[in-house]
Amino acid sequence: MNTLMDIIKGMLIGIANIIPGVSGGTMALSMGIYDKLIGAVSNLFKDFKKSVMTLLPILIGCAIGIIGFTYIIEYLLTNHTYLTCMAFIGLILGGLPMLVRQLRDKLAKRGGSIGVSGAIAFLALFAVAVAMPLLGSDEAALTTLTASPGMMVSLFFIGIIASATMVVPGVSGSMVLMILGYYYGILGSIKNFLEGLKAFDFAAMFHEAMLLVPFGIGVLLGIFLIAKLITFLFERYGVQTYCAILGLILSSPFAIFYNTGLLAQLGGLNAMILASGVLVAAVCAIAAYFLGEK
């Protein structure tokens with residue numbers, strides 16, 4: 001029974017990780033398995049068998065959630081881009097109060113302000129998140145990934161970066177992928193692999209596997225090897241770490257609008273659609289806020 005519950009909880013974490021703005025770490029916290037998850041990751045090499053038995057049902061559930069929700073997310077992004085992006089932005093902003101409160105707790109324990117180092121961490125991550133979409137071409141975030149050696153290496157490191165953020169409550173790994181411009185490509189690769197599997201198209205499956213395998217290896221290595229680093233950063237440099245996360249999150253609306261091409265299309269949307277988007281963002285922000293409070 002416990003194994004089945006862990007699979008179900010893993011499914012919810014997987015769904016949370018595929019939605020930009022929703023934190024898989026927060027979902028794990030809300031379901032009471034975050035400490036168990038991080039403990040199993042941190043002790044993987046000390047108590048391998050026990051850790052694997054703890055992680056396996058959760059990872060199986062995550063895979064089911066990601067695969068099952070891929071089609072829904074792609075449909076929403078393709079057919080209702082503006083409203084979907086506004087929902088993402090609402091989910092992102094709704095998680096800010098929790099992060100701000102955690103930052104205040106760190107400041108209260110230390111006694112003082114964020115200081116120069118905190119300001120630098122905030123500005124650095126804010127600038128990086130804004131600059132990354134601008135460095136790519138306008139279509140970069142929407143094109144299909146090509147299984148070239150350079151792309152495979154890039155996906156390996158992108159997987160490490162994304163998985164590191166998945167461990168942090170309040171931060172969305174998918175949001176980071178969207179900021180870096182790889183979200184749509186990876187989502188498309190998952191769908192294409194599943195379509196190839198249904199059609200027994202082994203050539204298509206092999207092509208997508210060449211992209212998903214290095215990304216998946218990077219994700220696993222990131223989770224297993226960076227969990228302790230993330231814990232160390234929060235314990236030793238908590239203020240600077242939270243400031244950096246806030247810089248990343250506050251810059252994400254620009255990255256989302258730029259990567260989807262909406263930044264250039266906002267002027268062509270009528271007032272009713274714009275108002276509907278604001279309403280959707282507000283509802284999602286409230287939902288994310290209460291999830292964080294729970």
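Caption draft 1: Spotlight on the environment of Met151. Structurally, the position occupied by Met151 is in helix α8 (residues 149-166). C-alpha of Met151 to C-alpha of Leu211: the two residues are 60 residues apart in sequence and 7.8 Å apart in space. Those residues in contact with Met151 that lie beyond four places of it in its chain are Leu145, Thr146, Tyr182 and Leu211.

Caption draft 2: Focus on the packing of aromatic side chains. By the definition in use, this model includes three aromatic pairs. Judged by centre distance (5.7 Å) and plane angle (80 degrees), the rings of Tyr183 and Tyr184 are edge-to-face. In this structure Tyr183 comes out as buried when scored by relative accessible area, which is 3%. On the basis of relative accessibility, which here comes to 16%, the residue Tyr184 falls in the buried class.

Caption draft 3: Structural detail: the side chain of Thr84. Along the polypeptide, Thr84 turns up in helix α5 (residues 81-94). Only 3.0 Å separates the side chain of Thr84 from the backbone oxygen of Leu76, close enough to count as a polar contact. Excluding its chain neighbours within four sequence positions, the residues that come into contact with Thr84 are Leu76 and Leu77.

Caption draft 4: Focus on a nonpolar patch on the surface. Taken together, the side chains of Phe45, Val213, Ile217, Leu221 and Leu225 define a hydrophobic patch exposed on the protein surface, amounting to about 500 Å² of accessible area. Positionally, Val213 belongs in helix α11 (residues 202-236).

Caption draft 5: View of unusual backbone geometry. At Phe200, a position not held by glycine, the phi torsion is positive, near 55 degrees. Relative to the helices and strands, Phe200 resides in the loop between α10 (183-199) and α11.

Caption draft 6: Local environment of the pattern of salt bridges. Applying the stated criterion across every chain yields a total of one salt bridge. Between Lys198 and Glu195 there is a salt bridge whose closest N-O contact spans 3.7 Å. On the criterion of helical spacing, the pair formed by Lys198 and Glu195 is a turn pair, its members being three residues apart in helix α10. Relative accessible area serves as the criterion here: at 58%, Lys198 is assigned to the exposed category.

Caption draft 7: Here's a closer look at the nonpolar core. The biggest cluster of nonpolar side chains holds 69 residues, and the ones touching the most others in it are Ile73, Leu177, Tyr182, Tyr183, Ile186, Ile256 and Phe257. Counting residues per element, this core draws most heavily on helix α12 (residues 238-260), at eleven residues. Excluding anything up to four places from it in sequence, Ile186 contacts Leu145, Leu155, Leu177, Leu212 and Phe215.

Caption draft 8: Structural detail: the side chain of Glu208. Relative to the helices and strands, Glu208 is located in helix α11. In this structure, Glu208 is buried with no salt-bridge partner, the nearest side chain bearing the opposite charge being Lys191 at 11 Å. Discounting chain neighbours no more than four positions away, the residues touching Glu208 are Ser189, Asn192 and Phe193.

Caption draft 9: Representation of the packing of helix α4 (residues 48-79) against α10 in the model. The N-to-C vectors of α4 and α10 enclose an angle of 120 degrees; their axes lie 10 Å apart at closest approach. It follows that α4 is oblique to α10 by the angle criterion. Note that α4 runs across α10; the crossing there is left-handed. Contact residues: α4 offers Ile66, Ile67, Thr70, Tyr71, Ile73, Glu74 and Leu77, while α10 offers Tyr183, Tyr184, Leu187, Ile190, Lys191, Leu194, Glu195 and Lys198. Looking at the contact of α4 with α10 residue by residue, the class counts come to ten nonpolar, one polar and four charged.

Caption draft 10: The environment of Val116, seen in detail. Tracing the sequence through the fold places Val116 in helix α7 (residues 115-135). Along the sequence, Val116 and Gln240 sit 124 residues apart, while their C-alpha atoms lie 9.4 Å from each other.

Caption draft 11: Representation of helix α1 (residues 2-18). The first and last C-alpha atoms of α1 sit 24 Å apart over 17 residues, in line with the 24 Å expected at 1.5 Å per residue. Among all positions of α1, only Asp6, Lys9, Gly10, Ile13, Gly14, Ala16, Asn17 and Ile18 are buried.

Caption draft 12: Spotlight on the confidence of the model for the protein. When the pLDDT values of the protein are averaged, the result is 78; 86% of them are 70 or greater. Across the protein, α10 holds the top mean pLDDT of 86, while helix α2 (residues 24-30) sits lowest at 66. For the stretch residues 137-143, pLDDT sits under 50, and the model shows nine contacts to residues farther than four places along the chain or on other chains.

Caption draft 13: Broad picture of α10. Over its 17 residues, α10 extends 25 Å from the first C-alpha to the last, a length consistent with the 24 Å expected when each residue adds 1.5 Å. Looking at α10, one finds that the buried residues are Tyr183, Tyr184, Gly185, Ile186, Leu187, Gly188, Ser189, Ile190, Leu194 and Gly196. Positive backbone phi, at 55 degrees, marks Phe200, one or two positions downstream of α10.

Caption draft 14: View of the environment of Pro149. In this fold, Pro149 is placed in helix α8. Separated by 62 residues in the primary sequence, Pro149 and Leu211 have C-alpha atoms spaced 9.6 Å apart.

What counts and what doesn't
Residues numbered from 1 in each chain as written. Predicted model: local features only at pLDDT ≥ 70, side-chain atom pairs only at ≥ 80, totals over all residues. Heavy atoms only, no water. Helix = DSSP H or I, 4+ residues; strand = E, 2+ residues; numbered from the N terminus. Contact = heavy atoms within 4.5 Å. Phe/Tyr/Trp six-rings, centres within 6.5 Å; stacked < 30°, edge-to-face > 60°. Buried < 20%, exposed > 50% of the residue type's maximum accessible area, 1.4 Å probe, protein only. Polar contact = N/O pair within 3.5 Å; in protein donor to acceptor, adjacent residues only side chain to side chain. Patch = residues over 30% accessible without salt bridge, like charges linked within 9 Å, V, L, I, M, F, W, Y side chains within 5 Å. Areas by Shrake-Rupley, 256 points an atom, 1.4 Å probe, with all protein chains shown as cover. Salt bridge = Lys/Arg side-chain N within 4 Å of Asp/Glu carboxyl O. Core = buried A, V, L, I, M, F, W, Y, C linked by side-chain atoms within 4.5 Å. Lys, Arg positive; Asp, Glu negative; His and termini not counted. Axes fitted to C-alpha atoms, helices over the stretch in contact; angles between N-to-C directions. Parallel < 35°, antiparallel > 145°, perpendicular 65-115°, else oblique. Left-handed = near helix turned anticlockwise from the far one by under 90°. Nonpolar A, V, L, I, M, F, W, Y, C, P; charged D, E, K, R; others polar. Expected span 1.5 Å × (residues − 1). pLDDT = per-residue confidence, 0-100.

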